[in-house]
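Each chain, letter by letter, is given below.
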Amino acid sequence: MEKINESSGAIGCGIIGVVLLSLIWGSWRILNWVWLRPKKLESCLRKQGLNGNSYKLFFGDLKESSAMDKEASSTRISISDDAVPSRVLPFLHTQISNYVAGKKSFTWFGPIPSVNIVDPELVKEVLSKNFNYQKTKSNPFVKLLDNGLTSLDGEQWAKHRKIINPAFHMEKLKHMVPAFYLCCSEMINKWENNIASTEGSCEVDVWPYLQTLTSDVISRAAFGSNYEDGRKIFKLQKELIALIIQTASTVYIPGARFLPTKRNRRMKEIGKEIHATLSVIINKRMKAMKEGETSKDDLLGILLESNLREIEQHGNNRKDGMAIEEVIEECKLFYIAGQESTSVLLVWTMILLSRHQNWQQRAREEVLQVFGNHKPNFDGLNRLKIVTMILYEVLRLYPPLVWMERVVHEDMKLGGITLLEGVIVSLHVMLLHYDREIWGDDVKEFKPERFAEGVSKATKNNQASFSPFSSGPRVCIGQNFSMLEAKMAIATILQQFSFELSPSYTHAPFAMLTLQPQYGAHLILHKL
């Protein structure tokens, strides 16, 4: 009996010892995460001449940044004002301005330091070394929205990029132009119906119409006959984006996604519904292809055909292609990338052309010279030089993504600075686009003539200075799709309407995933 008691006591002591060690180990890891490692990284950066706020336990700069964002979002600026960067990025703009014009500064995203990069040469280096500087994955909730090409790294990214590439070749996009025109015509008809009850003009908030237009385009271009299912997916993703943005406003605590909160439950419900809808579409299409049906010229059809070809070229080894789950993720990405970037490009184009009537007239004259009142076609869209110049200048002043982030995959040297593994580098697209040293003293003015001789000439052969679609190996795969769609939309609008700012228009650009007009885009449309 004594031996049994001794054994039980020993086992009990052993369990207590394991529990104590686990608690000590867990406590040390938490302490290292929220204090020891951040202070080590801060010391390393300061020794190299970088400046920034002192690290604040757990939150870093988040509280101050959120307060400044809230204050900025409550203000309104004149469209003739040059305060766009300070309204869109109030905290970063202040920090970078304070620390030697931002050439050597860092900010804190919770316990992680983010080194601010506003030198085009360094931006170019980071974007060209995509295997060393990888996409950040700090918020697992984002995977519900996008776990496709843009979030992948390494060999997996290379495989997906190779398979998806054919869907965005210009020859393939040529076949999608009729779908672009059909969607534009539907929007034009709605505006004409609004004007029909008035005397040739009316006020319209064009922003929701442009969002619907670009979602309809991607629905038809991606899924063809499954267009209505595509619209359903877009509505769900729009709700999901709003919920995920709420989670991104604070430090992500490991395991938070498993908490049974109302928001978490709704995000998971939406994720499951989107997944189920896409699964049905994709499985039907794959079954039709196996039964000998000709592949369709929509994005999904081209993607599935390219994936099948890749598998067959490697002896039917499915590991060399994408699994159904991966195809689903890429289809989700079609919506986020295809809809968001083009809708914001179009809305800021209409706003700026409303203010700059001379450029609106020049663009209309070019469109009428190329197409008259006929349906715009692929070849003609590619000849629109003035419209292209305007779109580039809009992308410079109002880039869809105002900054990009990459995480240092291993200890690296960048511009003479040693960056330790885990540090984030923030590439400030908008601040580069507003850099006086690159663009001149008229940097804040709308001057499409900058791009009269193309992007290379405008950027003095450093295209990292102008990165609305990123650059380097990870340049946006859908940029030609977006530009072609934008040209079609602007051409059809200019054929039918002239437009100007409404007195009720409020200029308030703000970043919500992409750079959007906070209070819409109220314009007065005049039927030509």
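Relevant structure appears above.
Everything numeric in this text was worked out from a predicted model, so none of it was measured.

Student: Hey, could you run me through the sheet that holds strand β3 (residues 133-135) in this one?
Tutor: Strand pairing in a sheet is mediated by backbone hydrogen bonds. Such pairs are either parallel or antiparallel. In spatial order, the strands read β1-β2-β8-β5-β3; together these five strands make up an open sheet with mixed pairing. The strands lining the two open edges of the sheet, one partner per strand, are β1 (105-109) and β3. Pairs of neighbouring strands in the sheet enclose a mean axial angle of 40 degrees, with direction left out of account. Relative to strand β8 (residues 424-427), strand β5 (residues 404-408) runs antiparallel, the two being bridged by four bridges. Bridge assignment links Arg-406 to a residue of β8, and that residue is Val-425. Of the strands in this sheet, β2 (112-117), β3, β5 and β8 touch helix α5 (residues 120-128), which is tilted by about 120 degrees from β8.

Student: Help me understand the environment of Thr-198, please; the structure alone is not making it clear to me.
Tutor: Locating Thr-198 in the fold gives a position in the loop between α9 (177-196) and β4 (201-205). Its relative accessible area of 34% is what places Thr-198 among the partly exposed residues. A polar side-chain atom of Thr-198 sits 2.8 Å from the main-chain carbonyl oxygen of Ile-195.

Student: When you look at the state of the cysteines in this model, what are you seeing that I'm missing?
Tutor: Covalent bonding between the sulfur atoms of two cysteines is what defines a disulfide. Counted according to the given criterion, the structure contains zero disulfides. Of all cysteine sulfurs in the structure, the one in Cys-183 sits closest to Cys-184, which takes part in no disulfide; the separation is 7.0 Å. The class for Cys-184 is buried, based on a relative accessible area of 1%. Unpaired in terms of disulfides, Cys-202 finds its nearest cysteine sulfur in Cys-184, a separation of 18 Å.

Student: What exactly am I supposed to notice about the nonpolar core here?
Tutor: Generally speaking, a soluble globular protein has its nonpolar side chains buried in company with each other. Counting 149 residues, the largest nonpolar core has Trp-191, Met-350, Leu-419 and Phe-481 as its most contacted members. Take this core: its biggest share by element is 16 residues, from helix α14 (residues 324-355). For Trp-191, the residues in contact, after removing those within four places along its chain, are Val-204, Val-206, Tyr-209, Met-350, Ile-493, Phe-497 and Leu-525.

Student: Just to check I follow, could you spell out the pattern of salt bridges for this structure?
Tutor: Scanning all chains against the criterion turns up 17 salt bridges. Residue Lys-39 is joined to Glu-42 by a salt bridge in which the shortest nitrogen-to-oxygen separation is 3.2 Å. A residue pair is termed a helical-turn pair when its members lie 3 or 4 positions apart in one helix, as Lys-39 and Glu-42 do in helix α1 (residues 2-47) at three residues. Relative accessible area serves as the criterion here: at 4%, Glu-42 is assigned to the buried category. We note a salt bridge from Glu-273 to Lys-232, for which the minimum N-O separation is 3.9 Å. Highlighted residues: Glu-273 in helix α12 (residues 262-290) and Lys-232 in helix α11 (residues 227-247), separated in sequence by 41 residues.

Student: In this structure, what is going on with the side chain of Gln-495? I would like to understand it.
Tutor: Tracing the backbone through its elements, the reader meets Gln-495 in helix α21 (residues 479-496). A polar contact is formed between the side chain of Gln-495 and the backbone oxygen of His-374, at a distance of 2.9 Å. Apart from the residues within four sequence positions on either side, Gln-495 is in contact with Val-367, Leu-368, Phe-371, Gly-372, Asn-373, His-374, Pro-376 and Leu-528.

Student: Just checking my understanding: could you explain the packing of helix α7 (residues 154-164) against helix α13 (residues 299-313) for this structure?
Tutor: The angle between the axes and the distance between the axes are what describe a pair of packed helices. Two elements in contact, α7 and α13, have axes separated by 8 Å at closest approach and are oriented at 120 degrees. With respect to α13, the element α7 is oriented oblique. In this structure, α7 contributes Lys-162, Ile-163 and Ile-164 to the contact, and α13 contributes Leu-303, Ser-306, Asn-307 and Glu-310. Among the residues forming the contact of α7 with α13, the class breakdown is three nonpolar, two polar and two charged.

Student: Is there a simple way to explain the environment of Phe-510 in this structure?
Tutor: Checked against the element boundaries, Phe-510 lands in strand β10 (residues 509-512). Accessibility expressed as a relative area gives 22% for Phe-510, which makes it partly exposed. A C-alpha to C-alpha distance of 34 Å links Phe-510 and Lys-40, two positions 470 residues apart in sequence. Among residues more than four places away in sequence, those in contact with Phe-510 are Arg-87, Leu-515, Gln-516, Pro-517 and Gln-518.

Student: Would you take a moment to explain the pairing of strand β11 (residues 514-517) for this structure?
Tutor: Consecutive residues of a regular strand have side chains that alternate between opposite faces of the sheet. With burial as the criterion, each face of β11 is covered, one bearing Thr-514 and Gln-516 and the other bearing Leu-515 and Pro-517. Where β10 lies against β11, four bridges are found, and the strand directions are antiparallel. Bridging from a neighbouring strand, Phe-510 pairs with Gln-516 of β11. The turn linking β10 back onto β11 is made up of one residue, and Leu-513 within it adopts a positive phi angle of 70 degrees.

The rules behind each value
Residues numbered from 1 in each chain as written. Predicted model: local features only at pLDDT ≥ 70, side-chain atom pairs only at ≥ 80, totals over all residues. Heavy atoms only, no water. Pairing = 2+ DSSP bridges. Helix = DSSP H or I, 4+ residues; strand = E, 2+ residues; numbered from the N terminus. Axes fitted to C-alpha atoms, helices over the stretch in contact; angles between N-to-C directions. Contact = heavy atoms within 4.5 Å. Buried < 20%, exposed > 50% of the residue type's maximum accessible area, 1.4 Å probe, protein only. Polar contact = N/O pair within 3.5 Å; in protein donor to acceptor, adjacent residues only side chain to side chain. Disulfide = S-S within 2.5 Å. Core = buried A, V, L, I, M, F, W, Y, C linked by side-chain atoms within 4.5 Å. Salt bridge = Lys/Arg side-chain N within 4 Å of Asp/Glu carboxyl O. Parallel < 35°, antiparallel > 145°, perpendicular 65-115°, else oblique. Nonpolar A, V, L, I, M, F, W, Y, C, P; charged D, E, K, R; others polar.

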